[in-house]
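Residue-level structure breakdown
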Amino acid sequence: MKEFNVDTERELRTGIPEIVLGDSKSADQIAAIIRKMTEKQTLILASRLDEAKGSFLLKEFPEGKYHARARIFSLDRGREKMVGRGAIAVLAAGTSDIP
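Presented here is an overview of the structure given in this document.

1. Notes on the overall build of the chain
Along the backbone of the chain there are four helices and four strands. N-terminal to C-terminal, the α/β element order of the chain is α-β-α-β-α-β-β-α. When each of the 99 residues of the chain is scored for burial, the buried share is 30%. Put simply, of all contacts in the chain between residues at least 6 apart along the chain, 61% involve residues at least 24 apart. In the structure as shown, the chain presents an accessible area of about 6,800 Å², 53% of it carried by carbon and sulfur atoms.

Okay, structure coming up:
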């Protein structure tokens, strides 16, 4: 399996966690990266996932969620730690941005 550099310190440095770009990785690779990320991150996101990768990740991490329309997998292991850390804005330019 190809080795990936996982920035497990990004959330500590910037307040924003690393996000796994999933379209160029296998489901096994994404799961391995997520396992590494759980050592230091409370919120884990993987983007650009097809249904098969999303289903695989749900089996590996049953506490996670696969958001099919957005093609994102999320794993939240500490929401209470995130309270009061800032605001989130979601911007869309049109119907193609809905997912």
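2. Regarding the pattern of salt bridges
Considering all chains together, one arrives at four salt bridges under this definition. Taking the shortest distance from any N to any O, the salt bridge between Arg48 and Asp23 comes out at 3.7 Å. Here Arg48 is found in the loop between strand E2 (43-47) and helix H3 (51-60), whereas its partner Asp23 is found in the loop between strand E1 (19-21) and helix H2 (27-37), with 25 residues between them in sequence. A salt bridge links Glu39 to Lys36; the nearest nitrogen and oxygen atoms lie 3.4 Å apart. For Glu39, a relative accessible area of 54% gives the class exposed.

3. Some points on the sheet that holds E2
Sheets are built from strands that pair by backbone hydrogen bonding, the pairs being arranged parallel or antiparallel. Here we have four strands laid out as an open sheet, ordered E1-E2-E4-E3, and mixed in their pairing. At either end of the open sheet lies a strand with only one pairing partner, and these are E1 and strand E3 (65-67). The mean inter-strand angle of the sheet, taken between neighbouring strand axes irrespective of direction, is 20°. Of the pairings in the sheet, the one linking E3 to strand E4 (residues 72-76) comprises three bridges and is antiparallel in character. When the bridges of E4 are listed, His67 appears paired with Ile72. Each of E1, E2 and E4 is contacted by H2, which is oriented at about 160° to E2, the strand it contacts most. Those strands touched by H3 are E3 and E4, and its axis lies near 165° from that of E3.

Definitions and cut-offs
- Residues numbered from 1 in each chain as written.
- Predicted model: local features only at pLDDT ≥ 70, side-chain atom pairs only at ≥ 80, totals over all residues.
- Heavy atoms only, no water.
- Helix = DSSP H or I, 4+ residues; strand = E, 2+ residues; numbered from the N terminus.
- Buried < 20%, exposed > 50% of the residue type's maximum accessible area, 1.4 Å probe, protein only.
- Contact = heavy atoms within 4.5 Å.
- Areas by Shrake-Rupley, 256 points an atom, 1.4 Å probe, with all protein chains shown as cover.
- Salt bridge = Lys/Arg side-chain N within 4 Å of Asp/Glu carboxyl O.
- Pairing = 2+ DSSP bridges.
- Axes fitted to C-alpha atoms, helices over the stretch in contact; angles between N-to-C directions.

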